[in-house]
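Below are the chains, spelled out letter by letter.
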Amino acid sequence: MNQRIVWGIGSARAFRVHWALHELGLDYETKPVRTRTPAMDTPEFQRISPRQKIPVFEDGELTLFESAAIINYLGRTYGRDGRQLIPNGPADRAHCDEWCYFVAMELDATSLYVIRRHGDLPEIYGEAPVAVECAAEYFARQIKVPEQKLSDGRKFIVGSFFSVADIMLTSCVTWAIRYGRPVPDSLISYRESIIARPAYQTASAVCYPDS
């Protein structure tokens, strides 16, 4: 059996990987590397991650870096009856991919990460209050997209099926709440239902051991 290793704890993106692994019931080893700490400067970590970013996932000889790519790989490789993260039908799979890309680009990279870089970490990335304000406004517009989709009463973002898209979306909703961003009530309720999942709770204890 391949040895599975997750490098990274303490971040929303690393958490996605831990969560997917627990949803699938997979054993793995955790390397507790945190972003912007001396652990990132060690030869061991730089060997596995020349980008010096977390998360990094190893599955035998395979190494992956992007959280969305990692959890999609896990779902496609290890999903089975009763423990699936990828829908079966081609249309639902396409919608699942669409939501993952939407969350990664519109909510994470373009919105919340801009706020983090220039709001939380100006000593590293520089002060940019206008960029932070624009990112917050953009998030407020884009979060209405999943709000509208959930307005039909569905439990999960891809119909009745819990998927990697829910992992992506819930991680960003949680991130937004932490930052004090306005989040629609329907997404608050959606998140509360999702985070009650046992795999979420177990993964949270692993990824955020100090919480």
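Here goes a summary of the coordinates provided. Just so it is clear, the structure is predicted and the values come from calculations on it, not from any experiment.

**Digging into the packing of helix α1 (residues 12–23) against helix α8 (residues 164–178)**
With their axes 10 Å apart at the nearest point, α1 and α8 run at an angle of 140° to one another. Relative to α8, the element α1 is oriented oblique. As for how α1 packs across α8, the hand of that crossing is right-handed. Here α1 contributes A12, R13, R16, W19 and A20 to the contact with α8, which in turn contributes D166, I167, M168, T170, S171, C172 and W175. Of the residues contributing to the contact of α1 with α8, the split by class is 7 nonpolar, 2 polar and 3 charged.

**Quick look at the pairing of strand β3 (residues 56–59)**
Of the two faces of β3, the one holding V56 and E58 and the one holding F57 and D59 are both buried throughout. With 4 bridges connecting them, strand β1 (residues 4–7) and β3 associate as antiparallel partners. Paired with W7 across the strands is V56, a residue of β3. Bridge count between β3 and strand β4 (residues 62–64): 3 bridges; the pairing is antiparallel. Paired with E58 across the bridge in β4 is T63.

**Some details on the pattern of salt bridges**
Inspection of the entire model under this criterion finds 10 salt bridges. We note a salt bridge from K31 to E29, for which the minimum N-O separation is 3.3 Å. Owing to a relative accessible area of 29%, E29 belongs among the partly exposed residues under this scheme. Put simply, D120 and R116 hold a salt bridge, and the shortest N to O gap is 3.5 Å. Of the two residues, D120 and R116 are both situated in helix α4 (residues 90–120); the distance of 4 residues between them amounts to about one turn of the helix. On the basis of relative accessible area, R116 is assigned to the partly exposed category, the value being 25%. Within the structure, one salt-bridge network assembled from shared partners comprises R13, R16 and D108.

**A look at the nonpolar core**
Core analysis: the biggest nonpolar cluster contains 61 residues, and W19 and L74 have the highest contact counts within it. Of all the elements in the fold, those that place two or more residues in this core are α1, α3 (67–78), α4, α6 (129–142), α8, α9 (185–194) and α10 (198–207). Among the elements that line this core, the one with the most residues is α4, at 10 residues. Formed by 8 residues, the second largest nonpolar core is a distinct cluster that contains I5, F45, I48 and V56.

**A short note on unusual backbone geometry**
With an omega of 5°, the peptide bond between I54 and P55 qualifies as cis. The residue P55 is located in the loop between α2 (43–48) and β3 in this model. Phi at R36 is positive, roughly 55°, even though this residue is not glycine. As for its placement among the helices and strands, R36 is situated in the loop between β2 (29–31) and α2. Positive phi, normally seen in glycine, also occurs at Q52, with a value near 55°. Among the structural elements, Q52 can be located in the loop between α2 and β3.

**Observations concerning the sheet that holds β1**
With mixed pairing, 4 strands are arranged side by side in an open sheet as β2-β1-β3-β4. The open sheet is flanked by β2 and β4, the only strands paired with a single partner. Within the sheet, the average angular offset between the axes of one strand and its neighbour, ignoring direction, is 15°. Seen against the sheet, α1 touches β1, β2 and β3 and runs at an angle of roughly 150° to β1.

What counts and what doesn't
- Residues numbered from 1 in each chain as written.
- Predicted model: local features only at pLDDT ≥ 70, side-chain atom pairs only at ≥ 80, totals over all residues.
- Heavy atoms only, no water.
- Axes fitted to C-alpha atoms, helices over the stretch in contact; angles between N-to-C directions.
- Helix = DSSP H or I, 4+ residues; strand = E, 2+ residues; numbered from the N terminus.
- Parallel < 35°, antiparallel > 145°, perpendicular 65-115°, else oblique.
- Left-handed = near helix turned anticlockwise from the far one by under 90°.
- Contact = heavy atoms within 4.5 Å.
- Nonpolar A, V, L, I, M, F, W, Y, C, P; charged D, E, K, R; others polar.
- Buried < 20%, exposed > 50% of the residue type's maximum accessible area, 1.4 Å probe, protein only.
- Pairing = 2+ DSSP bridges.
- Salt bridge = Lys/Arg side-chain N within 4 Å of Asp/Glu carboxyl O.
- Core = buried A, V, L, I, M, F, W, Y, C linked by side-chain atoms within 4.5 Å.

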